[in-house]
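What the coordinates show
This is what each chain is made of:
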Amino acid sequence: MAEPIILLTEQEIQAKLDQLAAQVLADYGNEEILLVGVLKGSLYVVADLSRRLGPNVKIDFVQVSSYGLEAKSSGIVQIRKDLDTSIEGRHVLVVEDIVDTGATLAHLRELLNTRRPASLKVLALLSKPDARLTEVPIEYVGFEIPNRFVVGYGLDYAERYRNQAFISVLSAEHLS
Ligand code: IMP
């Protein structure tokens, strides 16, 4: 099997999380933040980011699925697991692994805004601007990447590769 084509190393990802956490802390000051991780891809971002944010942080998760087992968007967005807590009057920071077409995030922003949070922002580790079909605001972006299918650091292909500490490009050979 060929070596993976590494796009972002573990060190690059962790250094970016230091920067993102510093920005978030500077922006929110002493306000309590509710991190809303979008399962399953954001699991490592939530874990590593939250540990950099100190004691004023709570964590909840939502699962929104737009992809089946395929490496392509179906355009259908469903809530598979809702939040456990009310977000009314709270400062919500949605944590995404990647924003691709933007459909999932646009839908989620709309849904969460109907629940009247005090504020709603989004942090995405990765963004593929060239793949965007729905324009959607992302307040904190880790890396803008080319329009390629990537895996690792939470991102999967058919549930594999999530546990890689680095992010690599899925090559044709891995699809077989
Ligand atoms: P969007 O609705 O097209 O923006 O897709 C968002 C979701 O699709 C992400 O949260 C991922 O779960 C998945 N996704 C999009 N691009 C990739 C990729 O390159 N690798 C793995 N999953 C991806």
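Structure's up top.
Here is what the cut-offs are and how they apply
- Residues numbered from 1 in each chain as written.
- Predicted model: local features only at pLDDT ≥ 70, side-chain atom pairs only at ≥ 80, totals over all residues.
- Heavy atoms only, no water.
- Helix = DSSP H or I, 4+ residues; strand = E, 2+ residues; numbered from the N terminus.
- Phe/Tyr/Trp six-rings, centres within 6.5 Å; stacked < 30°, edge-to-face > 60°.
- Buried < 20%, exposed > 50% of the residue type's maximum accessible area, 1.4 Å probe, protein only.
- Lys NZ or Arg CZ within 6 Å of the ring centre and 35° of its normal.

Another aspect to go through is the environment of Leu-17. Secondary-structure assignment places Leu-17 in helix α1 (residues 10-28). Measuring from C-alpha to C-alpha, the distance between Leu-17 and Val-45 comes to 8.1 Å, with 28 residues separating the pair along the chain.

Let us now look at the packing of aromatic side chains. Within this structure, the stated rule accounts for 2 aromatic pairs. A centroid spacing of 5.8 Å and a plane angle of 35 degrees characterise the contact between Tyr-44 and Tyr-153, whose relative ring orientation is tilted. In this pair, Tyr-44 sits in helix α2 (residues 43-50) while Tyr-153 sits in the loop between β8 (150-151) and β9 (167-169), placing the two residues 109 residues apart along the sequence. Using a relative accessible area of 3% as the deciding quantity, one classes Tyr-153 as buried. With a centroid separation of 6.2 Å and an interplanar angle of 85 degrees, the aromatic rings of Phe-149 and Tyr-157 are classed as edge-to-face. The positively charged end of Lys-16 is found above the aromatic ring belonging to Phe-143, 4.9 Å away from the centroid. Sitting over the ring of Tyr-28, Lys-121 keeps its end group 5.1 Å from the ring centre.

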